[in-house]
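An overview of the molecular structure
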Amino acid sequence: MLIQQFRYDNYRLHQLGNNSVFTITLQAGLSAIKTPQCYKEDGSSKNPDCPVCSKSLNKLAQPLPMAHCANSRLVCKISGDVMNENNPPMMLPNGYVYGYNVSVGVNALLKAKIAAVRI
């Protein structure tokens, strides 16, 4: 009991918390990038590059608050590139949106295949 009281007073004296700096930093980082998409039941909406979507960190981030993102950005699902003025979003007839650079690459690939079939 005396040891616990000493630790408590020492933490208060030096304005330290019971958690380590690593734990606090990890929680702050996970909370900053945690979104509702990380907890959808279907696995299709989970981003493989998102740390919160991974199984190990998903459980750790569950009690933390969600991130509030006032500005969002579009990311191409195929290439992973950000869609901006250099890579504008292009919507296909099926409703999916991809970056212009990917659509140009796919178009060139299709033309090459069609040319190879004609030869």
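Look up a bit, the structure's there.
The paragraphs below set out a description of the structure included in this document. (Residues numbered from 1 in each chain as written. Predicted model: local features only at pLDDT ≥ 70, side-chain atom pairs only at ≥ 80, totals over all residues. Heavy atoms only, no water.)

**Re the nonpolar core**
What counts is decided by this rule: Nonpolar cores are built from buried Ala, Val, Leu, Ile, Met, Phe, Trp, Tyr and Cys residues. Side-chain atoms within 4.5 Å join them into one set. Between buried and exposed lies partly exposed: a residue is buried under 20% and exposed over 50% of the maximum accessible area for its type, with that area taken using a 1.4 Å probe on protein chains only. For this analysis, residues touch if any pair of their heavy atoms sits within 4.5 Å.
Formed by Leu30, Cys38, Cys50, Val52, Cys53, Ala61 and Leu64, the largest nonpolar core amounts to seven residues. In this structure leucine 30 touches Val52, Leu57, Leu60, Ala61 and Leu64, once residues within four positions along its chain are discounted.

**Here's the deal with the layout of surface pockets**
Just so we agree on the cut-off: Lining residues are those with an atom within 4 Å of a point, where the points come from a 1 Å grid over the protein atoms alone and group into cavities, where a 1.4 Å probe fits but cannot get out, or pockets, open sets with protein on both sides within 12 Å along at least five of seven lines. Grid points are joined across faces, edges and corners, and a volume is the space filled by probe spheres set on the points. Side-chain classes follow a simple rule in which Ala, Val, Leu, Ile, Met, Phe, Trp, Tyr, Cys and Pro form the nonpolar group, Asp, Glu, Lys and Arg form the charged group, and the remainder, Gly included, forms the polar group. For each domain, the first and last residues come from an automatic or database assignment.
Of the pockets and cavities examined, the largest pocket occupies roughly 1100 Å³. Forming the boundary of the largest pocket are 28 residues, of which Gln37, Asn47, Arg73, Leu74 and Val75 lie nearest the centre. The class makeup of the residues in the lining of the largest pocket is 16 nonpolar, eight polar and four charged. When residues of the lining of the largest pocket are assigned to domains, at least three map to each of domain 1 (1-62) and domain 2 (71-118).

**Focus on the packing of aromatic side chains**
Two measures describe an aromatic ring pair: the distance that separates the ring centres and the angle between the ring planes. To keep it simple, the criterion reads: Here a Phe, Tyr or Trp ring, Trp counted by its six-membered ring, pairs with any other such ring whose centre lies within 6.5 Å, and the pair is stacked when the planes are under 30 degrees apart, edge-to-face when over 60, and tilted otherwise.
Applying the stated criterion across every chain yields a total of one aromatic pair. Between the aromatic rings of tyrosine 96 and tyrosine 98, the centroid separation amounts to 6.5 Å while the plane-to-plane angle is 35°, which identifies the pairing as tilted.

**A short note on the side chain of lysine 34**
How we decide: Comment: elements are numbered from the N terminus, with helices defined as DSSP H or I runs of at least four residues and strands as E runs of at least two.
Along the chain, lysine 34 turns up in the loop between α2 (21-33) and α3 (55-61). The buried category is assigned to lysine 34, whose relative accessible area is 2%. Excluding anything up to four places from it in sequence, lysine 34 contacts Tyr39, Val52, Ala61, Gln62, Leu64, Pro65, Met66 and Ala67.

**Notes on the side chain of asparagine 87**
The condition that has to hold: Polar contacts, as counted here, are pairs of nitrogen or oxygen atoms within 3.5 Å of one another; within protein the pair requires one atom able to donate a hydrogen and one able to accept it, and residues that are adjacent in sequence qualify only if both atoms are side-chain atoms.
Tracing the backbone shows asparagine 87 in the loop between β2 (82-83) and β3 (89-91). Here the side chain of asparagine 87 touches asparagine 101 through a polar contact of 2.9 Å, landing on its backbone nitrogen. Residues contacting asparagine 87, with those up to four places away along its chain left out, are Asp81, Val82, Gly99, Tyr100 and Asn101.

**Focus: helix α1 (residues 2-13)**
The line we're drawing: One less than the residue count of a helix, multiplied by 1.5 Å, gives the span that helix is expected to have.
The terminal C-alpha atoms of α1, which comprises twelve residues, lie 16 Å apart, in line with the 16 Å expected from a rise of 1.5 Å per residue. Along α1, only zero of the twelve residues are buried, which leaves the element largely exposed. Glutamine 15 occupies a position one or two residues after α1 and carries a positive phi of about 55°.

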